[in-house]
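Report on the structure
Each chain is listed here by its residues.
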Amino acid sequence: MTFLRTHSVRIVAAVAALVPLLVARWPDVDWYALAAVAAALLGAGEVAQRVEDRKTDAALHTPSPHDELAKIHVQLAAFEARRSASQ
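From a predicted model like this one, the values you see are computed outputs, not experimental measurements. (Residues numbered from 1 in each chain as written. Predicted model: local features only at pLDDT ≥ 70, side-chain atom pairs only at ≥ 80, totals over all residues. Heavy atoms only, no water.)

What follows deals with the confidence of the model for the protein chain. Mean pLDDT over the protein chain: 84, with 100% of residues reaching 70 or higher. Of all the helices and strands in the protein chain, helix H1 (residues 2–6) carries the lowest mean pLDDT, 78, while helix H4 (residues 65–86) carries the highest, 86. (pLDDT = per-residue confidence, 0-100. Helix = DSSP H or I, 4+ residues; strand = E, 2+ residues; numbered from the N terminus.)

This is the structure:
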C-alpha cells in the first residue's frame, strides 16, 4: 500500500500512456471498453490528485523545527535592540 500511495500518480500516468499504444496495436478494440478505460483513468487520476493533495496538506501543516529557531532569533534581535537603545 505504501508503494501505491507513494507512486500513485506515476502508475496512473503509465497506464494512461499504454492505452493509445494498445489501441494502435489492436485497432478493433470495442469503443465501449475504451470509454470504460478512459473513465477509469479519469477516476484514478482524481483519486491520485486527492492523495497528493492530502500529502501536501499534511506537509504544510506539520510544524517545522525551524519555526522555534525563528522565534528565538526574533527574541534575540529584540533583546539586542533594547540593549543597544539603553547604551
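From this point, things continue past the structure.
Moving on: the nonpolar core. Counting five residues, the largest nonpolar core consists of Val-12, Val-19, Leu-34, Leu-41 and Ala-48. Among the elements of the structure, helix H2 (8–25) and helix H3 (31–60) are those that each provide at least two residues to this core. With three residues, H3 is the largest single contributor of residues to this core. When sequence neighbours within four positions are dropped, the list of residues in contact with Leu-34 reads Val-19 and Val-23. (Core = buried A, V, L, I, M, F, W, Y, C linked by side-chain atoms within 4.5 Å. Buried < 20%, exposed > 50% of the residue type's maximum accessible area, 1.4 Å probe, protein only. Contact = heavy atoms within 4.5 Å.)

Quick look at the packing of H2 against H3 now. Packing of H2 against H3 brings their axes to within 9 Å, and their N-to-C directions diverge by 165°. Judged by the inter-axis angle, H2 sits roughly antiparallel to H3. Between H2 and H3 lies a crossing whose hand is left-handed. Two secondary-structure elements touch here, H2 through Ser-8, Val-9, Val-12, Val-15, Ala-16, Val-19 and Val-23 and H3 through Leu-34, Val-37, Leu-41, Ala-44, Gly-45, Ala-48, Val-51 and Glu-52. Looking at the contact of H2 with H3, its residues break down into 12 nonpolar, two polar and one charged. (Axes fitted to C-alpha atoms, helices over the stretch in contact; angles between N-to-C directions. Parallel < 35°, antiparallel > 145°, perpendicular 65-115°, else oblique. Left-handed = near helix turned anticlockwise from the far one by under 90°. Nonpolar A, V, L, I, M, F, W, Y, C, P; charged D, E, K, R; others polar.)

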